Amino acid sequence: MQGARIAKQLEEVKMVVGKTGAGEVPTDPMPPGATDLMIILKPQDEWKSGRTYDELGDALEEKLSVIPGVFVEKSQPIQMRFNELMTGIKQDVAIKIFGENLDSLSVYAKKVESAIVKIKGVSAPQMEQVDGLPQINIEYDRLRIANYGLNVEDINSIVSTAFAGKAAGVVYENERKFDLVVRLDSASRRSIEDVNNLLIPTPSGNQIPLSQVAKIDFKLGPAQISREAGKRRIVIGFNIEDRDVQSVVKEIQDKLATKVKLPSGYYFTYGGTFENLQKATNRLMIAVPASLLLIFMLLFFTFNSLKQAGLIFTAIPMSAIGGVFALLLRGMPFSISAGIGFIALFGVAVLNGIVLIGTFNQLEKEGWDDVIKRVIQGTKIRLRPVLMTAAVASLGFLPMALSHSAGAEVQKPLATVVIGGLITATFLTLFVLPLLYIIFNTKMNLKRKPKVKSITTILIIGLLFSFQNGQAQFRKSMDEVLNLGLKDNLQYNINQSQIAKNQFLVKGNKEFPKTGIFVENEDLRRSDKTGVWKIGLQQSFYMPQVNQARKNYYREQTKYFEYNKEVINTELKKNIRSVYYQLWYLQDKTALYQRLDSIYVGLLKTTTLKVKTGESAGIEKISATVKWKEIETNIIQLQKEMLVQQQSLMQLLNSSEVILPLAEPLEKLKYGLQNEAENHPNLLLLQQNVVIANSEIAIQKSNRLPEFTGRVFSQQLYGAEDPYSGFSIATSFPIFGIGANSNKIKAVKTEKEIQEQQLHYQTQIIKSSLAKRRTEVEKSVSGLQFYETSGLQQADEIITAANQSYRAGEISYADFSLYLSQSIEIRKNYLDNLNAYNQAIIEYNYFTNQ
């Protein structure tokens, strides 16, 4: 109401209507703690201040900002509601921070707000209010409650009844029933003092105020807890001024990446119109190519000529150039409306080309055989229609391009793109298109046959694949590849260095404490300041068991890395075999598609001949061409997958050689199942961990043994020529460190138990994995039986018989295509099943250490 009174002070305002809270409709995004002020303005010709709409909005924001504890934002009512419904916020862009703790979210939101406030184009960022709601907090004094003979449950019930109400009966009105709720009168529920003075009856019959048994005060709690996709989040929203959304968000992302570091579990997302822009851009990535393809198909069906359809299609890139330059001249960024404008432009741009090419074709039928004369005459005839087509479309979009009213931000980019594109497209139609028509319709051009085109395409693909990155490819057997990998792998070198390190530790284990040299002076007195000088050596000695325990520990560590070598060997063999056989499978699949490619090249010749002789209407040729192109695409994709596998193999072998499998059909691995998994290197490694833990226990126990110290010395008595020499032996016991040492022994014993449990757990996993792989192998064997017994032979017979029958005219193209697809599908399924079988055998051999 205060905001409405302030808004009514402006002379441009006619009335103000406020709407607070959320409706009962579940889809209403309005939060309960927000108010929309709908400000209805007078007609603009009645404004005496001369302000624009934006200036009036800024003035309203400035006046309403004096209200404490709220933030104000101007927007169009429908635009605001749509933004809320689609993105959950009212502003153009929102930075959402997701996390668990509300206080942390609030802290990081303030950092983000201070980081982006100085970015050009960001208008008054506003942080979502998530805290600051005052709440009456009742904290019970349980000792006093007990003294009065009360309990918390009864007091809670009294407080709830007094202020929230409680059903005390039922009231009937005809057939309707209502609860009768009893609570305090509104005069007794106005302040915190009413809570303090609420009387609580005691078992003795007396009444005491609630303040006698509880501390009641105000505390600030969360104002709201917002969630999205089940996770808490806080929003910093802002509008964009004088810049495009994409560049502003990109700058914000760069700045937040350096200035605001979020902890683990917290992350940013960006919503609002930026989110809509990303989604719409992704849709345009599909819509624009689809529209271009549809336009080309319609042109082809209209002229029944790829050459003429391609000539008209050249208007599209030329019109796109004009649209881009028009946006650049007006300083507009690419937006969704501009993208829609490009789609509309492409459709309009080809109209002039259709008009011209149609006229050229009509003149040719009328006997204009000279191409140049035909083009000149046709251009004269169609000059006015071409100019009028472009002029009408451009003038129709001109008001949108110059608009400054509501919705202009959507209309202007679309109209600008269409007008700029039509200018360049018209130039293309009148000058460039006739020249291209002359070039493509003279006899000087070399016409390539489909056979030449197909052979050239296959050769280029083959050369690119064979000399990828300028490297030659070498065919090697599985055994040769394994030997190369087991020799040069970097993991072996690292593990060998660890073994050498522990061997040096074993040799250097005979450790002695440092030898001490001492000088002493004893028997100093006031009467004798010279005293007796003594010089000697001091050496401590460990018990032999100490060095032996450490030596055993280092030896067991060495054995660990020796076992680890076998682990690396097993893992490496499995990975190399898996990649090699996958590469072999892709090689055979590529060969299958290449065979299919040669069949469809021959089929394309046959269908082309049928079209020329009039035996076919052309649908068979179109179908064969489409299928041939599809096969070529599959071949390229398979060769790319082979490159990926080759790179993986190079990494495993630590080699720069590009390797191919043998030029033979995919090998079927031998089938020999075993049930032994106890000797798996991983289990031996875990068993060694248990042994190492035992050696650590021995080291800790040896720390309890005493240490010995020996001293030899020589001393010179004053005035005596012959010096005295002597020695001493001392023993040290760990008296005060027994407790700490006992705890260390318990710790290493616990570590041993952990390693034993880990060994037991991994043994169960390997055994279950072995059973699972055995089942997969048996399933793959049953799947291969059909193809090996009869499927492959029948597939070859189907191809041979279908090819002969089609060439003899005994079956239609549709029947031939069906039989061919059936045969190729059998071959593909066989390769897929054989590859699955080989991969299952490789996994099984890994778990049985074969």
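Calculation rules
Residues numbered from 1 in each chain as written. Predicted model: local features only at pLDDT ≥ 70, side-chain atom pairs only at ≥ 80, totals over all residues. Heavy atoms only, no water. Helix = DSSP H or I, 4+ residues; strand = E, 2+ residues; numbered from the N terminus. Buried < 20%, exposed > 50% of the residue type's maximum accessible area, 1.4 Å probe, protein only. Contact = heavy atoms within 4.5 Å. Areas by Shrake-Rupley, 256 points an atom, 1.4 Å probe, with all protein chains shown as cover. 1 Å grid on protein atoms, 1.4 Å probe; cavity = no way out; pocket = protein on both sides within 12 Å on 5 of 7 lines; lining within 4 Å. Points joined across faces, edges and corners; volume = space filled by probe spheres on them. Nonpolar A, V, L, I, M, F, W, Y, C, P; charged D, E, K, R; others polar. Axes fitted to C-alpha atoms, helices over the stretch in contact; angles between N-to-C directions. Parallel < 35°, antiparallel > 145°, perpendicular 65-115°, else oblique. Core = buried A, V, L, I, M, F, W, Y, C linked by side-chain atoms within 4.5 Å. Phe/Tyr/Trp six-rings, centres within 6.5 Å; stacked < 30°, edge-to-face > 60°. Lys NZ or Arg CZ within 6 Å of the ring centre and 35° of its normal. Arc of directions from axis to C-beta. Polar contact = N/O pair within 3.5 Å; in protein donor to acceptor, adjacent residues only side chain to side chain. pLDDT = per-residue confidence, 0-100. Patch = residues over 30% accessible without salt bridge, like charges linked within 9 Å, V, L, I, M, F, W, Y side chains within 5 Å. Salt bridge = Lys/Arg side-chain N within 4 Å of Asp/Glu carboxyl O. Lys, Arg positive; Asp, Glu negative; His and termini not counted. Charge placed at Lys NZ, Arg CZ, Asp CG, Glu CD.

## Considering the overall build of the protein
Moving on, step 1. From N to C terminus, the protein includes 22 helices and 19 strands.
Moving on, step 2. Counting every position in the protein, which comprises 850 residues, the buried fraction comes to 38%.
Moving on, step 3. Pairs at least 24 residues apart make up 74% of the contacts formed inside the protein by residues separated by at least 6 positions.
Moving on, step 4. Here the protein has roughly 50,600 Å² of accessible surface; of this, 56% comes from carbon and sulfur atoms.

## Brief notes about the side chain of Ser337
Moving on, step 1. As for its position among the elements, Ser337 is in helix H12 (residues 336–365).
Moving on, step 2. Every residue in contact with Ser337, bar those within four places of it in the chain, is listed here: Glu409, Val410, Pro413 and Leu414.

## Considerations on empty space enclosed by the protein
Moving on, step 1. Summed over all chains, the structure comprises one cavity of 30 Å³ or more.
Moving on, step 2. In this structure, the largest cavity spans a volume of roughly 50 Å³.
Moving on, step 3. Thr570, Lys573, Lys574, Arg577, Ile842, Asn845, Tyr846, Asn849 and Gln850 are the residues that line the largest cavity.
Moving on, step 4. At the level of elements, helix H18 (544–613) and helix H22 (813–847) are the ones that each hand at least two residues to the lining of the largest cavity.
Moving on, step 5. When grouped by side-chain class, the residues that make up the lining of the largest cavity number two nonpolar, four polar and three charged.

## Quick look at the packing of helix H20 (residues 681–702) against helix H21 (residues 738–808)
Moving on, step 1. The interhelical angle for the contact between H20 and H21, taken along N-to-C directions, is 170°, at an axis separation of 9 Å. By the angle class used here, H20 and H21 are roughly antiparallel.
Moving on, step 2. Across the contact of H20 with H21, the residue classes break down as nine nonpolar, 10 polar and seven charged.

## A closer look at the nonpolar core
Moving on, step 1. Ranked by internal contacts, the top residues of the largest apolar core, which has 65 residues, are Val481, Ile576, Tyr581, Tyr600, Phe816 and Leu820.
Moving on, step 2. Contributions of two or more residues to this core are made by helix H16 (478–488), H18, helix H19 (619–653), strand S17 (658–660), H20, H21 and H22.
Moving on, step 3. In terms of residue count, H18 provides more of this core than any other element does, 18 residues in total.
Moving on, step 4. Apart from the residues lying within four places of it in its own chain, the contact partners of Val481 are Lys476, Ile576, Tyr580, Leu649, Leu653 and Ile659.
Moving on, step 5. If you look at the next biggest cluster of nonpolar residues, it comprises 35 residues, including Ile295, Leu327, Phe346 and Leu356.

## Thoughts on the packing of aromatic side chains
Moving on, step 1. Under the counting rule described, the total for this entry stands at 11 aromatic pairs.
Moving on, step 2. The interplanar angle of 50° and the centroid separation of 6.2 Å between the aromatic rings of Tyr108 and Tyr266 together place this pair among those described as tilted. Here Tyr266 lies in the loop between helix H8 (245–259) and strand S13 (267–272) and Tyr108 lies in helix H4 (residues 102–116), a separation of 158 residues in the sequence.
Moving on, step 3. Overall, the relative accessible area of 15% leaves Tyr266 in the buried class.
Moving on, step 4. Between Tyr560 and Phe561, the aromatic rings sit 5.3 Å apart at their centres with planes inclined by 90°, giving edge-to-face as the arrangement.
Moving on, step 5. Between the NZ or CZ atom of Lys668 and the centre of the ring of Tyr837, over which it lies, the distance is 5.3 Å.

## Quick notes on helix H10 (residues 306–313)
Moving on, step 1. Three or more residues of H10 are buried, namely Gln308, Ala309, Leu311 and Ile312. Along the long axis of H10, the arc covered by the buried residues comes to 155°, so they all point the same way.
Moving on, step 2. Of the residues flanking the start of H10, the one acting as N-cap is Ser305, its side-chain oxygen 3.4 Å from the backbone nitrogen of Lys307.

## Regarding the confidence of the model for the protein
Moving on, step 1. Averaged over every residue, the pLDDT of the protein is 79; residues scoring 70 or more account for 89%.
Moving on, step 2. Highest mean pLDDT in the protein belongs to strand S7 (residues 176–182) (91); lowest belongs to helix H15 (residues 450–466) (38).
Moving on, step 3. This model gives residues 443–470 a pLDDT under 50, and the stretch forms 20 contacts once residues within four places in sequence are excluded.

## Focus on unusual backbone geometry
Moving on, step 1. Not every positive phi belongs to a glycine, and Asn174 is a case in point at roughly 55°.
Moving on, step 2. Tracing the sequence through the fold places Asn174 in the loop between strand S6 (166–173) and S7.
Moving on, step 3. Look at Asn174 and you get exposed, because its relative accessible area is 76%.

## Some points on a nonpolar patch on the surface
Moving on, step 1. Together, Leu293, Leu294, Met297, Leu298 and Phe301 make up a nonpolar patch on the protein surface, roughly 520 Å² of accessible area in all.
Moving on, step 2. Within the secondary structure layout, Leu298 lies in helix H9 (residues 273–303).

## Observations regarding the environment of Leu643
Moving on, step 1. Here Leu643 lies in helix H19.
Moving on, step 2. The class of Leu643 is buried, set by a relative accessible area of 11%.
Moving on, step 3. Put simply, Leu643 and Leu583 are 60 residues apart on the chain and 8.8 Å apart in space, counted from C-alpha to C-alpha.

## A look at the environment of Asn151
Moving on, step 1. Examined against the element boundaries, Asn151 turns out to sit in the loop between helix H5 (142–147) and helix H6 (152–163).
Moving on, step 2. For Asn151, a relative accessible area of 33% corresponds to the partly exposed category.
Moving on, step 3. Separated by 51 residues in the primary sequence, Asn151 and Thr202 have C-alpha atoms spaced 10.0 Å apart.
Moving on, step 4. Within the local environment of Asn151, its side chain forms a polar contact with the backbone nitrogen of Glu153, the two atoms lying 3.2 Å apart.
Moving on, step 5. Within the local environment of Asn151, its side chain forms a polar contact with the backbone nitrogen of Asp154, the two atoms lying 2.8 Å apart.

## Looking at a negative patch on the surface
Moving on, step 1. Judged by side-chain charge, Asp54, Glu55, Glu241 and Asp242 come together as a negatively charged surface patch.
Moving on, step 2. Residue placement: Glu241 occurs in the loop between strand S12 (231–240) and H8.
Moving on, step 3. Among the residues examined, Glu241 registers a relative accessible area of 42% and is labelled partly exposed.

## Quick notes on a positive patch on the surface
Moving on, step 1. Positive charge collects at one region of the surface, where Lys701, Arg704, Lys746 and Lys749 lie side by side.
Moving on, step 2. Following the sequence through the fold, Lys749 ends up in helix H21.
Moving on, step 3. For Lys749, a relative accessible area of 39% corresponds to the partly exposed category.

## Some remarks on the pattern of salt bridges
Moving on, step 1. Here the structure, examined in full by the defined rule, presents 10 salt bridges.
Moving on, step 2. Here Arg176 and Glu173 are joined by a salt bridge, their closest N and O atoms 3.2 Å apart.
Moving on, step 3. Here Lys828 ties to Glu825 by a salt bridge, and the two come within 3.8 Å at their closest N and O atoms. Highlighted residues: Lys828 and Glu825, both in helix H22, separated by three residues, approximately one helical turn.
Moving on, step 4. Among the residues examined, Glu825 registers a relative accessible area of 38% and is labelled partly exposed.
Moving on, step 5. A network of salt bridges, in which partner residues are shared, links Lys96, Glu228 and Arg233.

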